[in-house]
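Observations on the model geometry
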Amino acid sequence: MSHEYRPPQRRSRLTRRGRLALFFGTLIALGAAVLIPMLGGGEVPEKPSRLVIPEGWRATQVYAAVDRELKLPQGSTKTAVATAGLDLPAEAKGNPEGYLFPATYPVTSKSTPAALLAYMVRTANEKLATKAVADGGKAHGMTPYQTATLASVIEAEAENRADMGKVARVVHNRLAKSMPLQMDSTINYALNRNTVDTTLSDTRIDSPFNTYERQGLPPTPIDSPGLEAMAAAVAPTPGDWLFFVTVKPGDTRFSATYEEHKKHVADFNRIRAHAGSRAGQGAAAGK
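Residues numbered from 1 in each chain as written. Predicted model: local features only at pLDDT ≥ 70, side-chain atom pairs only at ≥ 80, totals over all residues. Heavy atoms only, no water.

Some remarks on the pattern of salt bridges
How we decide: For this document, the term salt bridge refers to a Lys or Arg side-chain nitrogen within 4 Å of an Asp or Glu carboxyl oxygen. Numbering of helices and strands runs from the N terminus, with a helix taken as a DSSP run of H or I at least four residues long and a strand as a DSSP run of E at least two residues long. Accessible area is worked out with a 1.4 Å probe on protein chains only. A residue is then buried under 20% of its type maximum, exposed over 50%, and partly exposed in between.
Within the structure shown, the criterion is met by 10 salt bridges. In this structure, Arg161 engages Glu55 in a salt bridge whose closest nitrogen and oxygen atoms are separated by 3.7 Å. Of the two residues, Arg161 is situated in the loop between helix H6 (144-157) and helix H7 (164-176) and Glu55 in the loop between strand S1 (49-52) and helix H2 (59-70); the sequence distance between them amounts to 106 residues. What makes Arg161 exposed here is its relative accessible area of 51%. Taking the shortest distance from any N to any O, the salt bridge between Lys131 and Asp135 comes out at 2.7 Å. Within this pair, Lys131 and its partner Asp135 are both found in helix H5 (residues 131-139), separated by 4 residues, close to a single helical turn. The exposure class assigned to Lys131 is exposed, which follows from its relative accessible area of 62%. Given a relative accessible area of 40%, Asp135 falls into the partly exposed group. Because the salt bridges share partners, they merge into one network encompassing Asp251, Arg253, Asp267 and Arg270.

Structure, rendered in C-alpha cells:
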C-alpha cells in the first residue's frame, strides 16, 4: 500500500475580532431559536366585534348603539361629539346628523366613542361628499350639505328603494313651486318619534323641522342616508308628481294633482280603519 505524502496542515486560529463575531453570532442564533417558539405561541390578535348602523338611523340611535357596544354609561357618545374633532361641513355647525354613515364598523377593546364617530364621518365624506354628488347637487341649486339633508328625507319617506327616485322628484317639484314639503318624517324628527299618524295639531308645532308651516328643506338632515337615497337626491326620476302616500305596504301612490291625491288618502284611511276594526275584533275574541 502506498502512502501519499501530505504536508502538515496548520490549524486555523480565529483573531480576537473573529472570536467576537462567532460569539455574537452564536447568541443571535440562540436568541432566534428562543424567539421563534415565543412568537408562535404569543398573544392571539383580538377579533373585532361588529357594530351595524342601519340606513335611516338618527344620530341619537347611533349614540345609543355605540354606548351599548362599548358598555358605556348612557349619553357618553353624545357627550364625545363636542371634542371628537369631526370633519363636518361648516353648515353642520358641529352636528353630525346625516354624516354618521350607515355601515358595519369594527369595534375592539381599544375603540372609543370619538374614534368610532370620526370613522363614520370619514366614511360619509368618502361615500357621499364626492364630485358626482357635488355636481349633481349644484345642478339643482343645492350645496352638498343640503343634498345630504334632502337624501335623509328621502331615506325616511320612501317605503323601498324603488320609490326613492319618485320621492326625490316630489321634493324637487315642491321646492321649484315654493310649496311647503309637508313631510311627516320631519315632524317625527322634531317630536323624536316614528309614526304614520300625524295629527292636525302636530302640523302646527313650533319647530324649524315643521315642513308643513315652513318652506324649504329642514335645517339639518333627519337621519343617516345611504347611497341609494343620495343618488336619488341628485338624479330624481322624471315626473310631475307633487304628492304621494303609502296606502299599504308595497303600494305607494304618486299624484300630480291634489284631487287624485285625496282619493289615495281616502283609500289609505279606509284600509287603516278596516285593519283597526279587525284588530279590535281579534282582541275581543281573545278575551
